[in-house]
Amino acid sequence: MLESLLGSKTKERILFTLLVRKEAHARDVATIFGIALSPTQNQLKKLEKSGVVVSRLKGRTRLYSFNPRYPFKIELERLLEKALSFVSSSEKSKYYTPRLRPRRAGKPL
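Thresholds, definitions, all that
- Residues numbered from 1 in each chain as written.
- Predicted model: local features only at pLDDT ≥ 70, side-chain atom pairs only at ≥ 80, totals over all residues.
- Heavy atoms only, no water.
- Helix = DSSP H or I, 4+ residues; strand = E, 2+ residues; numbered from the N terminus.
- Rg over C-alpha atoms; globule rule 2.2 N^0.38 Å.
- Buried < 20%, exposed > 50% of the residue type's maximum accessible area, 1.4 Å probe, protein only.
- Contact = heavy atoms within 4.5 Å.
- Areas by Shrake-Rupley, 256 points an atom, 1.4 Å probe, with all protein chains shown as cover.
- Lys, Arg positive; Asp, Glu negative; His and termini not counted.
- Charge placed at Lys NZ, Arg CZ, Asp CG, Glu CD.
- Core = buried A, V, L, I, M, F, W, Y, C linked by side-chain atoms within 4.5 Å.
- Arc of directions from axis to C-beta.
- Salt bridge = Lys/Arg side-chain N within 4 Å of Asp/Glu carboxyl O.
- Expected span 1.5 Å × (residues − 1).
- Phe/Tyr/Trp six-rings, centres within 6.5 Å; stacked < 30°, edge-to-face > 60°.

Looking now at the overall build of the protein. Check the secondary structure of the protein and you find 6 helices and 2 strands. Along its sequence from the N terminus, the protein presents helices and strands in the succession α-α-α-α-β-β-α-α. Relative to the globule expectation of 13 Å for 109 residues, the C-alpha radius of gyration of the protein, 14 Å, shows essentially globular dimensions. Burial status across the protein gives 34% buried among its 109 residues. Of all intrachain contacts in the protein linking residues separated by at least 6 positions in sequence, the fraction that spans at least 24 positions is 49%. Accessible area for the protein stands at about 7500 Å²; split by element, carbon and sulfur atoms hold 52% of it. One way to put it: in the protein the 24 positive side-chain charges average out to a point 7 Å from where the 9 negative ones average out.

What follows is the structure, encoded as structure tokens:
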């Protein structure tokens, strides 16, 4: 939907995921969408370099979230929310539903 504006389908998926989940790591995004890890990491690095997202380490995992100091953060979130409202409900429930709690130990996938 916003691929032509953002220049990449991967970047669009990353931003939608950050909008819904508030923070995510590269492997999480890559696994959700079934894409390679390398392009996901490259897009996150570009977004971080441009100041749209920030990262922090939690143990050995780098978590990404929207930069609260980004001057167009509110406008970007509004644009993403509007675009997400046009995504089909089946795709929304499959990809953009936030996890509410961790998976129970021993539960089959």
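Now, onward.
Next up on the list: the nonpolar core. Counting residues in each nonpolar core, the largest one holds 24 residues, and the members touching the most others are Phe 16, Leu 18, Val 52, Phe 66, Leu 80, Leu 84 and Tyr 96. Looking at this core, the elements that each hand over two or more residues are helix H2 (9–21), helix H3 (26–33), helix H4 (37–49), strand E2 (61–66) and helix H5 (73–84). Beyond its immediate sequence surroundings of up to four residues, Leu 84 is in contact with Phe 16, Leu 19, Val 20, Lys 92 and Tyr 96.

So, about H3. Of the positions making up H3, those classed as buried are Ala 26, Val 29, Ala 30, Ile 32 and Phe 33. Each buried residue of H3 sits inside an arc of 165 degrees when the element is viewed along its axis, so together they form one side. In H3, the exposed residues that point more than 90 degrees away from the buried face are Arg 27 and Thr 31. Looking at the buried residues of H3, the elements they touch are H2, H4 and helix H6 (89–95). In the segment just after H3, Gly 34 is the residue with positive phi, at about 65 degrees.

The next thing to look at is the pattern of salt bridges. A complete count under the given rule lists 4 salt bridges for this structure. Two residues, Lys 9 and Glu 12, come together in a salt bridge whose shortest N-O distance is 3.9 Å. Taken as a pair, Lys 9 and Glu 12 lie in helix H2 at a separation of 3 residues, close to a single helical turn. Among the residues examined, Glu 12 registers a relative accessible area of 4% and is labelled buried. Linking Asp 28 and Arg 21 is a salt bridge whose minimum nitrogen-to-oxygen distance equals 3.2 Å.

Next up on the list: the side chain of Thr 10. Looking at the element boundaries, Thr 10 is found in helix H2. Residue class for Thr 10 comes out buried when judged on its relative accessible area of 15%.

A separate point is H5. For H5, spanning 12 residues, the distance from its first C-alpha to its last is 16 Å, which sits close to the expected 16 Å at 1.5 Å a residue. Looking only at H5, the buried set comprises Leu 76, Glu 77, Leu 80, Ala 83 and Leu 84. The arc that holds every buried residue of H5, seen down its axis, measures 125 degrees, which confines them to one face. Away from the buried face of H5 by more than 90 degrees, exposed residues Ile 74, Arg 78 and Lys 82 are located. Close packing links the buried residues of H5 with H2, E2 and H6.

Next up on the list: the packing of aromatic side chains. Applying the stated criterion across every chain, the model contains 1 aromatic pair. When the ring of Tyr 70 is compared with that of Phe 72, the centres are 6.0 Å apart and the planes differ by 75 degrees; the resulting orientation is edge-to-face. In this structure Tyr 70 comes out as partly exposed when scored by relative accessible area, which is 22%.

On their own, these measurements won't tell you what the molecule is for.
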